[in-house]
Amino acid sequence: MQALITGGAGFIGSHLAESLLADGAGVTVVDNLSTGYLKNVQHLLDHPRFRMVVETVTNEIVMDRLVAESDVVFHLAAAVGVELIVQDPVRVIETNVLGTRAVLKAAARYRRRVLLASTSEIYGKSEAIPFSEEADRVLGPTTKSRWCYSTSKAVDEFLALAYHQQIGLPVVICRFFNTVGPRQTGQYGMVVPRFVKQALREEPITVYGDGLQTRCFCDVRDTVRAVRTLAARTDINGEVFNVGATYEVSIVKLAECILEAVQRRGPGAQHRGKDRIQFISYAEAYGKGFEDMRRRAPDIRKINTLTGWQPEIPLKDTIEYILEDHLHGKAFTD
Ligand code: UDP
């Protein structure tokens, strides 16, 4: 099998590339290295079944050729991260909408199956926890750029489902909830790599708001397994699946877990207590009027019922995995 991974030099994409190569597939990665890093796939560059194309996913001519050469497309390229969304909404909207358009157009021409990466941001600030795939979306106004990411990914989903409905294009949509693991960068706001970096550098841990907001953090190895499970099920098309962990943890508790793990394993292992946590207002972190989600948790019954997939790796093991990589591996630390 020849797989094309858009955004394959990114965090999830590079783990997916490794996993596919390990199972004998050929993998082409297309990535413009804007939020992805060559370093993430450096160790794959000499692999005989791996090919790296440095190009933007919005380039329709290149995408046409790459999709034609592939059996399946994993479309992960997107502008993500709350900080980036707030700072550069033009880039977010254009990359996400035009990139997906280019991928789907080519996939339609060659009738290739597409697994489209989407996001829990689709549900916006809905409070109907846990979010199920058919639940209503609740978004803020267009004057708040925070919501452009959710809307851009919703357009991606609409377009993919429309191609499925109108010409029978085989598409599957994976709505990733908070996903964590080695190689995730904290540069665009993601909380776990930021806290790990801060803890290792003995800097204050910057908890936004009161820290009682909750998230469910899914280990990237579980996420990749979910995507591959859905990729293997060629009988399932035109469907949307939540992919995420179900264990809810508050951000302040997450900060404590990371501090404890660093204390156990980090160099020096001095006492690093709860006083290391610094609370910062949302206005200070993201600018005035920023709306955060109080809770976010997926309903994963659909993927579980249809494929048997469920997350298996507990958060403490994921934190160890990330720390191990930071301390002894080849993690990218920004
Ligand atoms: N967060 C935080 N400190 C940081 C970065 C993020 O307290 O340095 C919080 C953020 O406000 C949110 C949670 O951690 O409540 C998860 O943030 P992230 O950007 O990782 O994901 P998302 O907001 O998309 O769930």
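As the structure is a computational prediction, the values presented were derived from the model and not from experiment.

**Q** Describe the site of the ligand, and please don't skip the residues or the numbers.
**A** Thr206, Tyr208, Arg215, Asp292 and Arg296 are the nearest of the 18 residues found near the ligand. The separation between a nitrogen atom of the ligand and a polar main-chain atom of Thr206 is 2.6 Å. In the environment of the ligand, an oxygen atom lies 2.5 Å from a nitrogen or oxygen atom belonging to the side chain of Arg215. In the complex, 95% of the free accessible area of the ligand, which totals 520 Å², lies under the protein chains. At the level of elements, α6 (191–200), β8 (205–208) and α9 (282–286) are the ones that each hand at least two residues to the shell around the ligand. Its residues placed into classes, the shell around the ligand shows 9 nonpolar, 4 polar and 5 charged.

**Q** Can you break down the pairing of strand β6 (residues 171–176) residue by residue, with the values?
**A** A large share of β6 lies buried, amounting to 6 of its 6 residues. Side chains Val171, Ile173 and Arg175 of β6 all project onto a buried face; the interleaved residues Val172, Cys174 and Phe176 project onto the opposite face, where all are buried too. Note: strand β5 (residues 113–119) against β6, 6 bridges, orientation parallel. Paired with Leu115 across the strands is Val172, a residue of β6.

**Q** A description of the packing of α6 against helix α11 (residues 315–328) should follow, citing residues and the corresponding values.
**A** Where α6 contacts α11, the axes come no closer than 11 Å and their chain directions differ by 50 degrees. Compared by their axis directions, α6 and α11 come out oblique. For the crossing formed where α6 meets α11, the hand is right-handed. Of the residues in α11, those touching α6 at Val192, Val196 and Leu200 are Ile322, Leu323, His326 and Leu327. Residue classes in the contact of α6 with α11 are distributed as 6 nonpolar, 1 polar and no charged.

**Q** Run through helix α2 (residues 60–68), naming residues and quoting values.
**A** Residues lying three or four places apart along an α-helix face the same way, a consequence of the helix completing one turn every 3.6 residues. Those residues of α2 that sit buried are Val62, Met63, Asp64, Leu66 and Val67. Among the residues of α2, the N-terminal cap falls to Asn59, whose side-chain oxygen and the backbone nitrogen of Ile61 are separated by 3.1 Å.

**Q** Talk me through the packing of aromatic side chains; I want residue IDs and the actual numbers.
**A** A complete count under the given rule lists 6 aromatic pairs for this structure. Between the aromatic rings of Phe131 and Phe177, the centroid separation amounts to 6.4 Å while the plane-to-plane angle is 35 degrees, which identifies the pairing as tilted. Within this pair, whereas Phe131 is found in the loop between β5 and α5 (146–167), its partner Phe177 is found in the loop between β6 and β7 (179–180), the two being separated by 46 residues in sequence. Classification of Phe131 as buried rests on a relative accessible area of 1%. Residue class for Phe177 comes out buried when judged on its relative accessible area of 3%. Seen in terms of ring centroids, Tyr208 and Tyr286 are 5.2 Å apart; in terms of plane orientation they differ by 85 degrees. Their pairing is edge-to-face. Here Tyr208 is found in strand β8, whereas its partner Tyr286 is found in helix α9, with 78 residues between them in sequence. Comparing Tyr208 with Tyr286 shows no difference in burial state: the two are buried. Three or more aromatic residues joined by ring pairs make a cluster, and in this case those are Tyr208, Tyr282, Tyr286 and Phe290.

**Q** Any details on the sheet that holds strand β1 (residues 2–6)? Residues and values, ideally.
**A** If you walk across this open sheet you meet the 7 strands as β3-β2-β1-β4-β5-β6-β11, and the pairing is parallel. If you trace the sheet from one side to the other, it starts and ends with β3 (50–54) and β11 (239–243), each paired once. Adjacent strand axes in the sheet meet at a mean angle of 20 degrees when their direction is disregarded. Relative to β5, strand β4 (residues 72–75) runs parallel, the two being bridged by 4 bridges. Paired with Val73 across the strands is Val114, a residue of β5. Relative to the sheet, α2 contacts β1, β2 (26–31), β3 and β4, its axis offset from that of β1 by approximately 150 degrees.

**Q** Hey, could you go over the pattern of salt bridges for me, with residue numbers and the actual values?
**A** Applying the stated criterion to the full structure yields 26 salt bridges. When the shortest N-O distance is used, the salt bridge between Glu291 and Lys125 registers 2.7 Å. Here Lys125 lies in the loop between β5 and α5 and Glu291 lies in the loop between α9 and α10 (301–307), a separation of 166 residues in the sequence. Residue class for Lys125 comes out partly exposed when judged on its relative accessible area of 28%. Here the residues in one salt-bridge network are Glu121, Arg146, Arg215, Asp292 and Arg296, joined through shared partners.

**Q** Break down the side chain of Arg183 for me, citing the residues and quoting the values.
**A** Within the secondary structure layout, Arg183 lies in the loop between β7 and α6. For Arg183, the side chain forms a polar contact with the side chain of Ser14, separated by 2.9 Å.

**Q** Mind laying out α11, listing which residues take part and the relevant values?
**A** In this model α11 runs 20 Å from its N-terminal to its C-terminal C-alpha over 14 residues, within 8% of the 20 Å that 1.5 Å per residue would give. By the burial criterion, the buried members of α11 are Leu315, Thr318, Ile319, Glu320, Ile322, Leu323 and Asp325. Contact partners of the buried residues in α11: β7, α6, β10 (218–219), α7 (220–232), β12 (248–250) and α8 (251–265).

Calculation rules
- Residues numbered from 1 in each chain as written.
- Predicted model: local features only at pLDDT ≥ 70, side-chain atom pairs only at ≥ 80, totals over all residues.
- Heavy atoms only, no water.
- Near = heavy atom within 4 Å.
- Polar contact = N/O pair within 3.5 Å; in protein donor to acceptor, adjacent residues only side chain to side chain.
- Areas by Shrake-Rupley, 256 points an atom, 1.4 Å probe, with all protein chains shown as cover.
- Helix = DSSP H or I, 4+ residues; strand = E, 2+ residues; numbered from the N terminus.
- Nonpolar A, V, L, I, M, F, W, Y, C, P; charged D, E, K, R; others polar.
- Buried < 20%, exposed > 50% of the residue type's maximum accessible area, 1.4 Å probe, protein only.
- Pairing = 2+ DSSP bridges.
- Axes fitted to C-alpha atoms, helices over the stretch in contact; angles between N-to-C directions.
- Parallel < 35°, antiparallel > 145°, perpendicular 65-115°, else oblique.
- Left-handed = near helix turned anticlockwise from the far one by under 90°.
- Contact = heavy atoms within 4.5 Å.
- Phe/Tyr/Trp six-rings, centres within 6.5 Å; stacked < 30°, edge-to-face > 60°.
- Salt bridge = Lys/Arg side-chain N within 4 Å of Asp/Glu carboxyl O.
- Expected span 1.5 Å × (residues − 1).

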